[in-house]
Amino acid sequence: MINSAMEIFWRHGYAASSIDQLTTAMGLSRSSMYKRFRDKDGLFQEVLSTYAQRVLKRMNAVQAGTKREQLESLFYEFLPRDGKTARPPGCMLARSCMEMAGLPPASQAVAREGVSGQRAIISKILHDAVASGELAPASDIDGLSWHFLGVLQAMMNLPQAGATSGELRRVVELAMLAWPSVPAAAAPQRSGKRRSSSAGPGEKLR
């Protein structure tokens, strides 16, 4: 039932999805829909929350040997698959953000919470990279998390504009150039070249 309503909202957006379309897709009468979900906004909140939870679960499931590889693999996870898919194109969260001004306040909150959850996962990867030494402590985690969130949204939405999987892989490669390199630690001096504090002027170290 939720999946059926999700397809309608995902494909048409909140404003363009009618009660008749939703009740027909779910196999409910108007009275049954209002009794269970209160109104169209209540249904949309449950649908969008369900969608967001699925996306966040999928993001959290991506693992790799290093944090940089984990982030890169996360982007590739959302590349369009070969062949046709029954699901609507793009990201429902991104579509909802585009409609933000027309959404009721409670639905706006659900949309923002979902996007914040995506960014929080990316931010955690970056913070973990700092902790493991993959990123310098002074790295701009806030700016990087917004940058990489934009890349994730590109993976999910640019196929609608005609971007191919190969082109999107190139987008990921270029986007990962923003991952700051860690300055190489200064090489320690060899002990044989150090002057002993007890050696007098002109004396050579043995």
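These numbers were taken from a predicted model, which means no experiment stands behind them.

Enquirer: What is the right way to look at the packing of aromatic side chains in this model?
Expert: Two aromatic rings are characterised by how far apart their centres lie and by the angle between their planes. Scanning the model with the defined rule gives five aromatic pairs in all. Aromatic pair Phe9 and Phe44: ring centres 4.9 Å apart, planes at 80°, arrangement edge-to-face. On the criterion of sequence distance, the pair formed by Phe9 in helix α1 (residues 2-16) and Phe44 in helix α4 (residues 40-60) is long-range, its members being 35 residues apart. Neither residue differs from the other here; Phe9 and Phe44 are each classed as buried.

Enquirer: Could you clarify how one ought to interpret the side chain of Gln153 in this entry?
Expert: By secondary structure assignment, the location of Gln153 is in helix α8 (residues 141-157). Gln153 has contacts with Cys91, Ala94, Gln118 and Leu158, leaving out every residue within four places of it along the chain.

Enquirer: So what exactly am I meant to see when it comes to the nonpolar core here?
Expert: Within soluble globular proteins, side chains that are nonpolar generally end up buried alongside one another. Residues Leu43, Phe75 and Phe148 are the most contacted members of the largest nonpolar core, which totals 56 residues. With residues near it in sequence (within four places) discarded, Phe148 still touches Leu71, Phe75, Ile122, Leu126, Ala175, Met176, Ala178 and Trp179.

Enquirer: Would you take a moment to explain the pattern of salt bridges for this structure?
Expert: Pairs may arise between side chains of opposite charge once their charged atoms sit close together. Scanning the entire structure with this criterion turns up nine salt bridges. Across the salt bridge formed by Glu7 and Arg11, the nearest N and O atoms sit 3.2 Å from each other. Residue Glu7 and its partner Arg11 are located together in helix α1, separated by four residues, close to a single helical turn. For Arg11, a relative accessible area of 36% gives the class partly exposed. Residues participating in the shared-partner salt-bridge network are Lys67, Lys124 and Asp128.

Each value, and the rule that gives it
The residue count restarts for each chain, going from 1 along the sequence in the order it is written. At least 70 in pLDDT is required for a residue's local features to be given in this predicted model, at least 80 for side-chain atom pairs to be given and counted, and no such filter applies to totals for whole chains, interfaces and linings, which use all residues. Remark: hydrogens and water are excluded; side-chain values derive from all non-hydrogen atoms of the structure. Only rings of Phe, Tyr and Trp enter the pairing, Trp through its six-membered ring, and a pair is recorded when the two centres are within 6.5 Å. The plane angle decides the type: under 30 degrees is stacked, over 60 is edge-to-face, the rest tilted. For the purposes of this entry, the term helix denotes a DSSP run of H or I that reaches at least four residues, the term strand denotes a run of E that reaches at least two, and both are numbered from the N terminus. Working definition: with a 1.4 Å probe on protein chains only, accessible area under 20% of the residue-type maximum means buried, over 50% means exposed, and in between means partly exposed. Any two residues whose heavy atoms approach within 4.5 Å at even a single point are treated as in contact. In this text, buried Ala, Val, Leu, Ile, Met, Phe, Trp, Tyr and Cys residues form a nonpolar core when linked through side-chain atoms within 4.5 Å. The working definition used for a salt bridge is a side-chain nitrogen of Lys or Arg within 4 Å of a carboxyl oxygen of Asp or Glu.

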